[in-house]
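Here's the letter readout for the chains.
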Amino acid sequence: MHFKINLRTLCCGLLITLSSIHQHCAAQVDTLSDETALIAILAGDGPKADKAMACKRLAVYGSEQAIPELAKLLSDPQLASWTRIALEAIPAAESDQALRAACDSLNGNLLIGAINSLGVRRDAGSVKTLTPQLQNASPEVAEAAAIALGKIGDQSAATALRAALATASSEKVRSAVAEGCVLCAERFAAAGDAPAAIEIYDQVRSMKELPPQRIVEATRGVILAKQQAGIPILIEALRSPEKTLFYVALQSAREMPSAELATALLSEVKSASPERAPLIVQTLADMPGTVDASTIIKLATEPGSKEVRMAALGAIGRTGNATCVAPLLKVAAESEDLYAPVKAALVELPDEALNQEIVARLPTATGDVETQLLLEVIGLRRISATSELRNALKSPKSNIRAAALESLGSTVSQDQLALLIEQVVSPAHAEDINTARQALMTAAIRMPEREACSAQLTDAMQGASIPTQISLLEILGAMGGPTALQTLGSNAQSSDTQLKDAASRLLGEWMTIDAAPVLLKLATSGPEDKFQVRAMRGYIRIARQFVMPEEKRVEMSGQALQAAKQDAERKLVLEVLERYPSLGTLKLALEAAQAGNLKADAQAAALNIAAKLKDDPAAAALIKGAGLSP
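Draft legend 1. Local environment of the overall build of the protein. Of the regular secondary structure elements, the protein holds 38 helices and 0 strands. A compact globule built from 630 residues would reach a C-alpha radius of gyration of about 25 Å, whereas the protein, at 40 Å, exceeds it by more than 25%. The C-alpha extent of the protein, read off along each of the three principal axes, is 105 × 100 × 40 Å. When the 630 residues of the protein are sorted by exposure, 48% land in the buried category. Contacts in the protein between residues far apart in sequence, at least 24 positions, make up 63% of those at least 6 positions apart.

This is the structure we're talking about:
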């Protein structure tokens, strides 16, 4: 009874303590969100870390009431940045006033910080404060003022920056002033005042002593602000020896597509360098609706640089339609170098009508190149055309038959699979056998009814030549599944050495755990030969590599230790036990240490397993009971 009273008292005390902690935490949360308390922290003599945290909280909960105390900290090197976080966030005119006032007394990094904050707040009333700072003796201060004015971006800020552009004290300051001008122009353009934006952009572009980056920014800005009227400037940039201007022209073209611009770009393709012309063609492809597919086709088919023609073929793949088929076939027939890009374009074309066009042209194709190309595209586009592909198999040309077989592998349906099986079992041309086998492999793996397909392949083995049966076994091995596994298992016990070799090899590579019983049976029955060894090693591989419950792995490892007939195989099992430490694998290792030639190896394995289970008392007890010491 005395124990029960003490326990009850202890529990009550614990509840009271937890309640007190909860109330204290709640009070602290209230304090952190109480502006008055936070202001008191700033005004007090507490640690600066507390004041920094108070500033951070005031950014959320502060109002104009906190600004006087915050303003006092703008001159504190340790707290100024924390203070500005709050002042930037508090939506009150007093924040702007505090920052402006600080600019009159601060210098160095503290002044730069205050200027940056005015820029963040985009306070138009700060222009008068910031403008004199453009002439500050410190280049860093002047740069900060220029960027801040650019962020404010109103007419008065733009006027101050434009005036300072010619009088900047250094190249760095001039660059910053130009950046501020560009920021102002962007705000004018976004507000719909294109004339004001253009005027500023032109001024910046005329300053040749500015860094290239500023010229590039202003060029892009003026092109987009002028739109179609900016095309001459865009073309001028395309012709510039400066790569950055060239690339900004390409990007600007993508942002303002039009038929007029497309015409101008097409004209430039003819005179541009071999390095630049293909990039212009690619840009045309990224301006949908502005250039007709026939125009791009013309670039691909007319004599010209290979680079331009390849770029045009790539563009056709994104912009063309079924009308492009005939000219593309002609290009492929005339130029071996362009065969691959033509095929890629035909495969990529999004127009569904292209599929019918491809199939319709196949019977009347002129020349081997055109026929082969059409056959390959049928397979790559997954077009259903089994009848046409079957007819192509009758061609006397091996390349035509090969293309037809490959496409059948990619397109044939399950009810037509016998067509490919026939090409493997009874090929009309011996030279086609490897292609036919690969095509059948491709088709079989993608069949939706895998078991029905496996049964069909198994039936096809009856009466087929040994090499053909081996080919079918390899396909079954790649497919997997119960029927394929059964077929491989039965052939692994065949009287024919070649079939036995192929089947046992494929079973040893099987990728699912269901092959384990088949491999164990092969490893424990029949003569002791290389096939039995292969089966045992395949069985051990499954125990080592596959994901399975611990109990299953212990069971398989135990069976392998009992069935193994060579020390090398038993060592492989010991490696499995060490790889998956558990009480079950430890017990097996200790059992293996009781007899046989691997006593030392098994004891070492047991000790290694126990070391990995060092926190398990049961493992320590097993080791001690076996008379082993870590």
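Let us keep going from here.
Draft legend 2. Summary view of the nonpolar core. Counting residues in each nonpolar core, the largest one holds 210 residues, and the members touching the most others are Leu265, Leu346 and Leu457. Considering every element that reaches this core, the biggest residue donor is helix α11 (residues 171-190), with 9 residues. When near neighbours in sequence (up to four residues on either side) are disregarded, Leu346 contacts Val325, Leu328, Leu329, Leu354, Leu373, Val377 and Arg381.

Draft legend 3. Representation of unusual backbone geometry within the structure. In this structure, Arg122 is a non-glycine residue whose phi angle is positive, near 50°. Its location among the elements puts Arg122 in the loop between α7 (108-121) and α8 (127-130). Although it is not a glycine, Arg382 sits at a positive phi angle of roughly 55°. Arg382 gets classed as exposed once you look at its relative accessible area, which sits at 54%.

Draft legend 4. Representation of helix α27 (residues 433-446) within the structure. For α27, which comprises 14 residues, the first-to-last C-alpha distance of 20 Å matches the rise-based estimate of 20 Å (1.5 Å per residue) to within 8%. Taken together, the buried positions of α27 are Ile433, Ala436, Ala439, Leu440, Met441, Ala443 and Ala444. In this structure, the buried residues of α27 make contact with α25 (398-411), α26 (417-425), α28 (450-460) and α29 (466-479).

Draft legend 5. Highlighting the environment of Ile147. Counting through the fold element by element, Ile147 comes out in helix α9 (residues 139-152). A sequence separation of 31 residues divides Ile147 from Asn116, and the C-alpha atoms of the two residues are 8.1 Å apart.

Draft legend 6. Quick peek at the confidence of the model for the protein. Averaged over every residue, the pLDDT of the protein is 91; residues scoring 70 or more account for 95%. Taken together, the stretch residues 1-32 has pLDDT below 50 and engages in 5 contacts with residues farther than four places along the chain or on a different chain.

Draft legend 7. Highlighting the side chain of Arg174. Counting through the fold element by element, Arg174 comes out in helix α11. Although buried, Arg174 forms no salt bridge, and the nearest oppositely charged side chain, Glu209, lies 4.6 Å from it. Setting aside chain neighbours within four positions, we find Arg174 in contact with Leu165, Ala168, Met207, Glu209 and Leu210.

Draft legend 8. Region of interest: the environment of Ala385. Secondary-structure assignment places Ala385 in the loop between α23 (368-380) and α24 (386-392). Sequence separation of Ala385 and Gly44 is 341 residues, and the distance between their C-alpha atoms is 86 Å. Once you skip the residues sitting within four places of it in the chain, Ala385 turns out to touch Val359 and Ile378.

Draft legend 9. Geometry of the packing of aromatic side chains. Enumeration over the complete set of coordinates arrives at 1 aromatic pair. For Arg553, the ring lying beneath its charged end belongs to Tyr580, and the centroid distance is 3.6 Å.

Draft legend 10. Molecular detail of helix α13 (residues 212-226). Taking 1.5 Å of rise per residue, the 15 residues of α13 would be expected to cover 21 Å, and the 21 Å separating its terminal C-alpha atoms lies within 8% of that figure. Among all positions in α13, only Arg214, Ile215, Val216, Ala218, Thr219, Gly221, Val222, Ile223, Leu224 and Ala225 are buried. Elements in contact with the buried residues of α13: α11, α12 (194-205), α14 (231-238) and α15 (243-255). Immediately beyond the C-terminal end of α13, within one or two residues, lies Gln227, with a positive phi of roughly 55°.

Draft legend 11. Focus on the pattern of salt bridges. By the definition in use, this model includes 25 salt bridges. The shortest N-O distance in the salt bridge between Glu268 and Arg239 comes to 2.6 Å. On the criterion of sequence distance, the pair formed by Glu268 in helix α16 (residues 259-271) and Arg239 in the loop between α14 and α15 is long-range, its members being 29 residues apart. We classify Arg239 as exposed; its relative accessible area is 58%. Residues Glu474 and Arg505 are paired through a salt bridge, measuring 3.3 Å at the closest nitrogen-oxygen approach. Residue Glu474 is found in helix α29, and its partner Arg505 is found in helix α31 (residues 497-508); the two are separated by 31 residues along the sequence. With relative accessibility at 28%, the residue Arg505 sits in the partly exposed group.

Draft legend 12. Expanded view of the environment of Glu578. The topology assignment puts Glu578 in helix α35 (residues 567-579). Of the residues examined, Glu578 reaches a relative accessible area of 22% and is grouped as partly exposed. Sequence separation between Glu578 and Ala49 is 529 residues; the distance between their C-alpha atoms is 53 Å. Each residue touching Glu578, except ones within four places of it in the same chain, is listed here: Ala605, Asn608, Ile609 and Lys612. At 2.9 Å, the side chain of Glu578 and the side chain of Asn608 are in polar contact.

Draft legend 13. Just the packing of helix α21 (residues 339-348) against α23, in detail. Taken N-terminus to C-terminus, the directions of α21 and α23 make an angle of 40°; their axes are 10 Å apart at the nearest point. One finds that α21 runs oblique with respect to α23. As α21 runs across α23, the sense of the crossing is right-handed. Across from Tyr339, Val342, Lys343, Leu346 and Val347 in α21, the residues of α23 making contact are Val369, Gln372, Leu373, Glu376, Val377 and Leu380. Of the residues assigned to the contact of α21 with α23, the class counts are 8 nonpolar, 1 polar and 2 charged.

Draft legend 14. Quick look at the side chain of Arg401. Here Arg401 lies in helix α25. Owing to a relative accessible area of 1%, Arg401 belongs among the buried residues under this scheme. Filtering out sequence-adjacent residues up to four positions away, Arg401 remains in contact with Ala392, Leu393, Ser395, Pro396, His429, Glu431 and Asp432.

Criteria and thresholds
Residues numbered from 1 in each chain as written. Predicted model: local features only at pLDDT ≥ 70, side-chain atom pairs only at ≥ 80, totals over all residues. Heavy atoms only, no water. Helix = DSSP H or I, 4+ residues; strand = E, 2+ residues; numbered from the N terminus. Rg over C-alpha atoms; globule rule 2.2 N^0.38 Å. Buried < 20%, exposed > 50% of the residue type's maximum accessible area, 1.4 Å probe, protein only. Contact = heavy atoms within 4.5 Å. Core = buried A, V, L, I, M, F, W, Y, C linked by side-chain atoms within 4.5 Å. Expected span 1.5 Å × (residues − 1). pLDDT = per-residue confidence, 0-100. Lys, Arg positive; Asp, Glu negative; His and termini not counted. Salt bridge = Lys/Arg side-chain N within 4 Å of Asp/Glu carboxyl O. Phe/Tyr/Trp six-rings, centres within 6.5 Å; stacked < 30°, edge-to-face > 60°. Lys NZ or Arg CZ within 6 Å of the ring centre and 35° of its normal. Polar contact = N/O pair within 3.5 Å; in protein donor to acceptor, adjacent residues only side chain to side chain. Axes fitted to C-alpha atoms, helices over the stretch in contact; angles between N-to-C directions. Parallel < 35°, antiparallel > 145°, perpendicular 65-115°, else oblique. Left-handed = near helix turned anticlockwise from the far one by under 90°. Nonpolar A, V, L, I, M, F, W, Y, C, P; charged D, E, K, R; others polar.

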